[in-house]
Amino acid sequence: MARRQARAAGGGRWLPWLGFALLPLAVPPTAAPPGGCPSACYCVATPELVQCRYERLEEPPRDLPLAVHNLSISGSNLSVLHRSAFASRPLPDLRLLRLRHDNVQTVEDMALQGLPALRTLDLSHNPLVSVAAGAFAGAPALRTLQLNQALLAAPLEEQLALALRNLSLRRLELAGNALRALPAALLPAGLEELDLHNNSLQRLTAAELRSLEAPGLRGLRVTLGTNPLSCDCALRPFLAWLRAEARVPDARSLRCAGPPALRGAALLRLRPEGLACGSAEGGEPGRLETASYVFFGIVLALIGIVFLMVLYLNRRGIKRWLHNLREACRDQMEGYHYRYEQDADPRRTSTVGTPGL
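Quick caveat: nothing in here was measured; it's all calculated off a predicted structure.

What about the nonpolar core?
Move 1: With 71 residues, the main nonpolar core has Leu97, Phe136, Leu194 and Phe238 as its most contacted residues.
Move 2: Among the secondary structure elements, those contributing two or more residues to this core are strand S2 (46-53), strand S3 (70-74), strand S5 (96-100), helix H2 (157-164) and helix H4 (236-244).
Move 3: Considering every element that reaches this core, the biggest residue donor is H4, with four residues.

What to know about the confidence of the model for the protein
Move 1: Mean pLDDT over the protein works out to 84, with 81% of the residues at or above the 70 mark.
Move 2: Here residues 14-34 scores under 50 on pLDDT; set against residues more than four positions off or in separate chains, the count is five contacts.
Move 3: Counted against residues more than four places away or in other chains, residues 279-283, with its pLDDT under 50, gives eight contacts.

Here's the deal with empty space enclosed by the protein
Move 1: If you walk through the whole model with that rule in mind, you get one cavity of 30 Å³ or more.
Move 2: Roughly 60 Å³ of volume is contained in the largest cavity.
Move 3: What lines the largest cavity is Pro60, Pro61, Arg62, Leu64, Ala85, Phe86, Ser88, Arg89 and Leu91.
Move 4: Residues that form the lining of the largest cavity fall into these classes: six nonpolar, one polar and two charged.

Quick word on the environment of Ala117
Move 1: The residue Ala117 is located in the loop between strand S6 (106-107) and strand S7 (120-122) in this model.
Move 2: A sequence separation of 22 residues divides Ala117 from Ala139, and the C-alpha atoms of the two residues are 7.1 Å apart.
Move 3: The residues contacting Ala117, other than those within four sequence positions of it, are Pro92, Asp93, Leu94, Arg95 and Ala141.

Digging into the sheet that holds strand S8 (residues 130-131)
Move 1: The strand order across the open sheet formed by three strands is S4-S6-S8, and the pairing between neighbours is parallel. In the strand order of this sheet, the two ends are held by strand S4 (80-81) and S8, each with one partner.
Move 2: As defined by bridge partners, S6 adjoins S8 across two bridges and the pair is classed as parallel. Bridge assignment links Thr106 to a residue of S8, and that residue is Ser130.

Some words on the state of the cysteines
Move 1: Going through the model one piece at a time under the given rule, you end up with two disulfides.
Move 2: At a sulfur-sulfur separation of 1.2 Å, the disulfide partner of Cys233 is Cys277. Placement of the pair is Cys233 in the loop between strand S13 (229-230) and H4 and Cys277 in the loop between strand S14 (256-258) and helix H5 (284-313), with a sequence separation of 44 residues.
Move 3: A relative accessible area of 13% means that Cys233 is categorised as buried.
Move 4: Classification of Cys277 by relative accessible area gives buried; the value is 16%.

A closer look at the packing of aromatic side chains
Move 1: A complete count under the given rule lists one aromatic pair for this structure.
Move 2: Centre to centre, the rings of Phe238 and Trp241 are 6.1 Å apart; their planes meet at 25°, and the pair counts as stacked. Residue Phe238 and its partner Trp241 are located together in helix H4, separated by three residues, close to a single helical turn.
Move 3: Phe238 gets classed as buried once you look at its relative accessible area, which sits at 1%.

Considering H4
Move 1: Residues Phe238, Leu239, Trp241 and Leu242 constitute the buried set of H4. The buried residues of H4 occupy one face: seen down the axis, they fall within an arc of 165°.
Move 2: Those residues of H4 hidden inside the fold are in contact with helix H3 (206-211).

Here's the deal with the side chain of Ser230
Move 1: Here Ser230 lies in strand S13.
Move 2: Excluding anything up to four places from it in sequence, Ser230 contacts Gln202, Arg203, Leu235 and Gly258.

Points about the pattern of salt bridges
Move 1: Going through the model one piece at a time under the given rule, you end up with 11 salt bridges.
Move 2: In this structure, the salt-bridge partner of Asp195 is Arg171, at a minimum N-O distance of 3.9 Å. Taken as a pair, Asp195 in strand S11 (residues 193-195) and Arg171 in strand S10 (residues 171-173) lie far apart in primary sequence, 24 residues in all.
Move 3: With its nearest N and O atoms 3.6 Å apart, the salt bridge here joins Glu193 to Arg221. Residue Glu193 is located in strand S11, and its partner Arg221 is located in strand S12 (residues 221-223); the two are separated by 28 residues in the primary sequence.
Move 4: Glu193 gets classed as partly exposed once you look at its relative accessible area, which sits at 28%.

A word on the environment of Ser74
Move 1: Considering the arrangement of structural elements, one finds Ser74 in strand S3.
Move 2: With 24 residues separating them in the primary sequence, Ser74 and Arg98 have C-alpha atoms 7.8 Å apart.

Here's the deal with unusual backbone geometry
Move 1: The omega torsion across Gly258 and Pro259 is 0°, close enough to zero to call that bond cis.
Move 2: Tracing the backbone through its elements, the reader meets Pro259 in the loop between S14 and H5.
Move 3: For Met110, which is not glycine, the phi dihedral falls at a positive 55°.
Move 4: By secondary structure assignment, the location of Met110 is in the loop between S6 and S7.
Move 5: For Met110, a relative accessible area of 21% translates into the label partly exposed.

Reading guide: rules and limits
Residues numbered from 1 in each chain as written. Predicted model: local features only at pLDDT ≥ 70, side-chain atom pairs only at ≥ 80, totals over all residues. Heavy atoms only, no water. Core = buried A, V, L, I, M, F, W, Y, C linked by side-chain atoms within 4.5 Å. Buried < 20%, exposed > 50% of the residue type's maximum accessible area, 1.4 Å probe, protein only. Helix = DSSP H or I, 4+ residues; strand = E, 2+ residues; numbered from the N terminus. pLDDT = per-residue confidence, 0-100. Contact = heavy atoms within 4.5 Å. 1 Å grid on protein atoms, 1.4 Å probe; cavity = no way out; pocket = protein on both sides within 12 Å on 5 of 7 lines; lining within 4 Å. Points joined across faces, edges and corners; volume = space filled by probe spheres on them. Nonpolar A, V, L, I, M, F, W, Y, C, P; charged D, E, K, R; others polar. Pairing = 2+ DSSP bridges. Disulfide = S-S within 2.5 Å. Phe/Tyr/Trp six-rings, centres within 6.5 Å; stacked < 30°, edge-to-face > 60°. Arc of directions from axis to C-beta. Salt bridge = Lys/Arg side-chain N within 4 Å of Asp/Glu carboxyl O.

If you want it as structure tokens, here you go:
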């Protein structure tokens, strides 16, 4: 009996400590104190770098530390960046905002209000379908915009052109967007770097090259790697520009994707006179040659049709003519046959051989 009482007394001493240990599980988490890490994120090294990953956030966290410089949110569901999404708690020192793989579809006007020092915005790998004209107006210091694989869901060139017109961008990344032409409308004056690698560009046309010579774009450097360049005669203006201008940092790595005879060849090693214009490459001479063959075939078909119509309309005369021709041939053959029989008659031969009889 004494042992049982001792055990009960010993166990009772541990109950307060057990209650303190289970207290955090019983009390719901509260907002982080000012200057600390948000409950849905974690800080790396210092509160200046905050990362929020795969937390299924539907809006940016509001309890961010004021001293944060870099904020990265990925794997969430920020389908709409609402107006003043960061204005409730401004972040005066935030310089980099990375929103990758967050299902961002719409960016409303003044969505970046409250971020006066923001210099780099990364919206890559989001299915953007709508960008308001004043989407970036709340970030006057924005210099780098990354939209890699973000323009595949809808054509946004006109919307982005309006959104970028009042910015002083220095770098624009548009990699992996299946672009087939240079997005000239998205190139604000003063742009220094344009990343177009891994798109669907076959060449830069003469008109696109002239747009790069605009007064505010003469110092623009363009990255073009991993594009399916077509090395036919239409590439000659781009090849000449590529050799004359040192504005493509990855020029030595550019390779031909077609035609098969030049697949994998380095562009800078090609000769302009060696770039053929066949119908398979779609060059202008190839199209003219194809058109000439089609026209020649149509002419031959018309001649054939006219000939058949003439035969059909004169079928009776042709039949009569063939009958007369056959009769004439028959008469001629009968004449030959008669002469042959006369010459082969032995009586006529003996008479001719004895003239005195």
